Amino acid sequence: MSILKHLGPLFVSILLTLSSPFFASAEGLAARCESIFTDTRSFENLTKYEQLFTKGRGIETYKVVLGKDFSQSLQRLLSSPDGHWFDSGAGHAFAVRQTLEMPEAKNLTTTIVAYETSAQSTNKMKVISGRFLENIADAEIPKSQIITDVFGPLAYSGRPDIVMQKYLNNLKPDGEIYIFLGARHELYGEFNKVVTADGKVLNLAEWLQTLPGIKAELIKTPKVDDGTHYEMWTIKITKTHPDAQVPLVEMVHLKEGAPPVMMFRETAPVKLKTPNELQTQARQQLREVTKNITATEFLDAFRGGEFRHPLIASIKSLKTEDQWINSSEVGPQVFSGLQKKDFNYEDTKVFTGLAQKFIRWRSKGINTEKMHYTLMNDTHTMANLKDIKLITDYHGDFMSSFMPDVILKRYVDALSNKGEIYLYLGKEYGGFGSDSIVMTKDGTKLTLRQWVRNIPGLNTSFFRGGYHWTGGEWTFLKIKIKDRERIRIPRLKMIGTTTSPEGLPLPIFEEVI
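Below you will find a few notes about this structure. Every value quoted in this text rests on a predicted model; they were computed, and no experiment measured them.

1. Things to note about the sheet that holds strand β15 (residues 415–427)
Point 1. Spatially, the 6 strands line up as an open sheet ordered β13-β12-β14-β15-β19-β18, and their pairing is mixed. Looking at which strands have only one partner, the edges of the open sheet turn out to be β13 (372–376) and β18 (458–465). On average, adjacent strands in this sheet sit at an angle of 15° to one another, irrespective of strand direction.
Point 2. Note that β15 and strand β19 (residues 474–481) share 6 bridges and pair antiparallel. Considered in β19, the bridge of Gly-426 is made with Thr-475.
Point 3. Along the sheet, helix α16 (residues 404–414) contacts β12 (323–328), β14 (388–394), β15, β18 and β19; its crossing angle with β15, the most-contacted strand, is approximately 150°.

2. Topic: the pattern of salt bridges
Point 1. Applying the stated criterion to the full structure yields 17 salt bridges.
Point 2. Bridged by salt links that share partners, the residues Asp-69, Arg-76, Glu-176 and Lys-236 form one connected network.

3. Considerations on the sheet that holds strand β10 (residues 249–255)
Point 1. Strand order in the open sheet made by the 4 strands is β7-β6-β11-β10, with mixed pairing throughout. In the strand order of this sheet, the two ends are held by β7 (201–203) and β10, each with one partner. Going from strand to strand, the sheet's axes swing by 25° on average, the running direction of each strand aside.

4. Overview of helix α10 (residues 275–290)
Given 3.6 residues to a turn, an α-helix orients residues that are three or four positions apart in the same direction.
Point 1. Counted at 1.5 Å a residue, the expected span for α10 with its 16 residues is 22 Å, and the 21 Å between its end C-alpha atoms agrees.
Point 2. Listed in full, the buried residues belonging to α10 are Leu-278, Gln-279, Ala-282, Arg-283, Leu-286 and Thr-290. Projected down its long axis, α10 carries its buried residues within an arc of 130°, all on one side. Relative to its buried face, α10 has exposed residues pointing more than 90 degrees away, namely Gln-284 and Glu-288.

5. Examining the nonpolar core
Point 1. The biggest cluster of nonpolar side chains holds 70 residues, and the ones touching the most others in it are Trp-85 and Ile-179.
Point 2. No other element matches helix α4 (residues 59–78), which puts 9 residues into this core.

6. Re helix α7 (residues 160–169)
Point 1. Within α7, 9 of the 10 residues are buried, which leaves it mostly tucked inside the rest of the structure.
Point 2. Of the positions making up α7, those classed as buried are Pro-160, Asp-161, Ile-162, Val-163, Met-164, Gln-165, Lys-166, Tyr-167 and Leu-168.

7. Here we look at unusual backbone geometry
Point 1. The peptide bond linking Ala-258 to Pro-259 adopts the cis configuration, its omega dihedral lying at 0°.
Point 2. Its place among the elements puts Pro-259 in the loop between β10 and β11 (261–266).
Point 3. The backbone of Phe-151 sits at a positive phi, close to 50°, despite the residue not being glycine.
Point 4. Assignment of secondary structure puts Phe-151 in the loop between β4 (144–150) and α6 (153–156).
Point 5. Taking the relative accessible area as the measure of exposure, Phe-151 reaches 0% and is therefore buried.
Point 6. The residue Arg-184 is not glycine, and still its phi comes out positive at about 55°.
Point 7. Note that Arg-184 resides in the loop between β5 (171–183) and α8 (188–191).

8. Comments concerning the pairing of β5
Point 1. The buried fraction of β5 amounts to 11 of the 13 residues, a majority that puts the element mostly inside the structure.
Point 2. By the bridge criterion, 6 bridges tie β4 to β5 in an arrangement that is parallel. Residue pairing for β5: Thr-148 is matched across the bridge by Tyr-178.
Point 3. Relative to strand β9 (residues 228–239), β5 is paired through 6 bridges, and the arrangement is antiparallel. When the sheet's bridge partners are listed, Gly-182 is paired in β9 with Trp-233.

Each value, and the rule that gives it
Residues numbered from 1 in each chain as written. Predicted model: local features only at pLDDT ≥ 70, side-chain atom pairs only at ≥ 80, totals over all residues. Heavy atoms only, no water. Pairing = 2+ DSSP bridges. Helix = DSSP H or I, 4+ residues; strand = E, 2+ residues; numbered from the N terminus. Axes fitted to C-alpha atoms, helices over the stretch in contact; angles between N-to-C directions. Contact = heavy atoms within 4.5 Å. Salt bridge = Lys/Arg side-chain N within 4 Å of Asp/Glu carboxyl O. Expected span 1.5 Å × (residues − 1). Buried < 20%, exposed > 50% of the residue type's maximum accessible area, 1.4 Å probe, protein only. Arc of directions from axis to C-beta. Core = buried A, V, L, I, M, F, W, Y, C linked by side-chain atoms within 4.5 Å.

That's the geometry; what it means functionally is another story.
The structure is reproduced here in structure tokens:
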């Protein structure tokens, strides 16, 4: 049976439907939330997507998305003489009401939280409405053996730390929390990120598993609908310490949606590795990767297609008085290969047919005798340089310094008005340019290469080389000065790192100026 028959519009559901008068103005919203919230974007997102919310999820839907462990826990709860179930983001509480109608539920009591609901309190069901969970005191919710959240507060709240702390505070010692983290394009457990105090970037599911004082089991259930394979994620949480404390976080990014894509960071004192420590690590790894690189492979890293090779064209256009600076760990061997014209384009994984002959012919035209070539392992020495015609960075300071704003400014300041910069950015997927992130001052989340392309006053061209069937595509940027007076390179601060498939640190920055 198709899972969609059970879920219907579940994947755009939420804990509440919000009344429009409440959100008639930003001032009214802020006034209601100021006791806890200083960032109202998550609530504004709720308003925008309220027409998509589902409030009628039944118990069978809960069993499907929360899995067999939930069904077993519910059976144990029904046989308990004093069982209590807290459903957070319950909508019209259909799942709870259907369960209470079962003959074996005679001893079950429940609490539901929904901002707007048709459910009414009874002697077996306490209804808390008109307020967000984050503003409900713990004392108002009885201790519970089961707590459930199906696209409830955790999916939409700008303070997941408060939501999780309330769940833990209201859980009985032998209790269990079941949270549905989504599926397909609503898999917020994977898409939402948290930067930890030590600078690691985790998805929300990973972060939940690191919380102290709990045991968290992530359950991934394979599904197939109309030939499409995907996973549903549910996390089951128990407490291992009675006073489990969730680290405080703040929201640093929100992309609107149902549910939204958000990024948070822990507010405890950050214990990041310094740029120098990361630089040492990165350069050791890059040196190992590139130690045997040839001049052919260096040139090929800046190829834009079978016949398109902008770097060769730029090198061949250099005049005797023009200077080429190469920021790279492999500068000496590259220049030696250029001098010897030691070019080999026989590898069919890189070129085929006429392209081999054409690129070999173009490479042979490089004349190193008239070339003013300088290798730089450290671009600090560029401070007094001006009017440089060509700057290349291949696994150089831009990728290994973890200060791309500083390095780019050095390059731009030293570049002549008609000069060119080539920045190698690594693989198309999982590379430095594609997976390093910048959070801009206006809250936009950009890849590092997008961020560079948005800098005013620069003319940037983005290139891809290679083929996915030979191990992946690589990328690079060609940069020229369009209007020097308009160039403004924002300052960046590193707030965390992820890791590339090769084990290299991939930074996440935020603009500070």
